[in-house]
Amino acid sequence: MSGKKTVFMSIGADVIHGGHIEIIHRAAELGELTVGVLTDEVVASYKRHPLLTCEERMKIASGLKGVAHVVQQDDIGYAAPLRALRPDYVVHGDDWREGFQKPVREECLRLLAEYGGELVEFPYSHNDEYDRLEAAARAQASIPDLRRGRLRRLIEKKGLITCMEAHNGLTGLIAEKTAVMENGVIRQFDGMWVSSLCDSTTKGKPDIELVDFSSRMNTINEIMEVTTKPMILDGDTGGLTEHFVYTVRSLERIGVSAVIIEDKIGLKRNSLFGTEAGQQQDDIPNFCHKISEGRRALKTSEFMIIARVESLILEQGMEDALERAFAYVQAGASGIMIHSRRKEPDEIFEFCRRFRERDENTVLVVVPTSFNTVTEDEWKKRGVNVVIYANHLIRSGYPAMQKTAETILRCRRAKEADEAYCMPINEILTLIPEG
Ligand code: SPV
Ligand code: MG
């Protein structure tokens, strides 16, 4: 093969094993090899958070035998490197013919056809040892000290992040792994929200702080065990200040990234009941004390205590909401969550505008359950940093389960429900692989 030919392949280069080395050597035999090292964000979006930073991984890749050049690759798609380098060959394992990478491959083929480049695919060989290595890397990526600070880092990097609710290991996996491809870019949720409503509902209990902290911790641990993305806990009212300091320490220790506590006292009811449920708002000094004591209990600068302002929910007005938000930030809150149960987003928009006029930096969180028409891009323009989809997996999963149960009762057999609502048995058996 002529040494003048040029070759491109992209890698994560986080856990390098013999399979990578082999494919790199084969690629280098085709010509002068440039390796695109995927950014941290890209690796996180299709696999898991990398153990090493992009700069480190670029250093590793540039030291590998056969690699002539290394470039940073900002998208999983090949448009940027192929347009810049116009390599004669792109090299990849043939595993991307199926699954979520299929559209990346198709785009790559289209780009190569534009200038007459060629795709060279090497057969992908499944290897149990590499799978075990990847499982170990995933376990490593989920250790508390690596996981906790990811929320802050992602917010700093992206400006706006999204969280999907998770209420057990399985929904944690959905929040972790669901991906869609759009114009060569993979979209995923950035983190997960452990909702009090969904955690309670899953346990068949009302959302009134009845599910105790030990039980909430079990849910958190169950999710953490199988995921790597940052987690925000719905901490309800945070309980007594004397208890909250212990809660904060426990959450921080196990790698949760943030807790959101709401400024209510007494019997807490879900905010979406509004004033109908006779809920009581805490007074400002008392809630500020809870925040500052929580803050004092922290051992790291990574964990975030986010204060949730319930003034709009409890119809106390915009001035009250703003006064509280600024007081809570002053008391040490790293973020403010503003909530509303109106369908129209106007009052939330007004809050965001007026809050941002005085405070450009504090993290702003919204939970657009009622005002669900606003897009993430619009939230970003309005200065919001975190959008939480707070209850959507349980709200979609429950009706499907109920319909299945009703259909079996009605038909006195399972065939109709199987066909209408159930995934095939062989798919459920392998949904969670062993090992
Ligand atoms: C939850 O998900 O439990 C919340 C958000 O607290 S909301 O239900 O909108 O109050
Ligand atoms: Mg809640």
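Predicted, not measured: the structure shown is a model, and the values here were computed from it.

### Details of the domain arrangement of the protein chain
Piece 1. Partitioning the protein chain into structural domains gives domain 1 (6-133), domain 2 (145-390) and domain 3 (396-431).
Piece 2. Each of domain 1 and domain 3 has a C-alpha centre, and these two points are 40 Å apart.

### A look at the site of ligand 1
Piece 1. In the neighbourhood of ligand 1, the contacting residues comprise Trp193, Ser195, Ser196, Leu197, Asp234, Asn270, Ser271, Leu272, Arg308, His339 and Ala390.
Piece 2. At a separation of 2.8 Å, an oxygen atom of ligand 1 approaches a polar side-chain atom of serine 195.
Piece 3. A distance of 3.0 Å separates an oxygen atom of ligand 1 from a polar atom in the side chain of serine 196.
Piece 4. The protein chains hide 100% of the 290 Å² of surface that ligand 1 would expose on its own.
Piece 5. In the shell around ligand 1, the residues fall into four nonpolar, five polar and two charged.

### With respect to the sheet that holds strand 17 (residues 386-389)
Piece 1. What the eight strands build is a closed barrel, ordered 6-9-10-11-14-15-16-17; its pairing is parallel. Direction aside, neighbouring strands of the sheet carry axes that sit 25 degrees apart on average.
Piece 2. One ladder, built from three bridges, connects strand 10 (residues 231-234) with strand 11 (residues 258-262); its direction is parallel. From the neighbouring strand, aspartate 234 faces strand 11, where its bridge partner is isoleucine 260.
Piece 3. Against the sheet, helix 8 (residues 150-158) contacts strand 6 (161-165), strand 10, strand 11, strand 14 (304-309), strand 16 (363-366) and strand 17, and its axis sits at roughly 135 degrees relative to strand 6.
Piece 4. Those strands touched by helix 15 (residues 346-358) are strand 15 (335-338) and strand 16, and its axis lies near 175 degrees from that of strand 16.

About the criteria used
- Residues numbered from 1 in each chain as written.
- Chains lettered and ligands numbered in written order.
- Predicted model: local features only at pLDDT ≥ 70, side-chain atom pairs only at ≥ 80, totals over all residues.
- Heavy atoms only, no water.
- Domains from an automatic or database assignment.
- Near = heavy atom within 4 Å.
- Polar contact = N/O pair within 3.5 Å; in protein donor to acceptor, adjacent residues only side chain to side chain.
- Areas by Shrake-Rupley, 256 points an atom, 1.4 Å probe, with all protein chains shown as cover.
- Nonpolar A, V, L, I, M, F, W, Y, C, P; charged D, E, K, R; others polar.
- Pairing = 2+ DSSP bridges.
- Helix = DSSP H or I, 4+ residues; strand = E, 2+ residues; numbered from the N terminus.
- Axes fitted to C-alpha atoms, helices over the stretch in contact; angles between N-to-C directions.
- Contact = heavy atoms within 4.5 Å.

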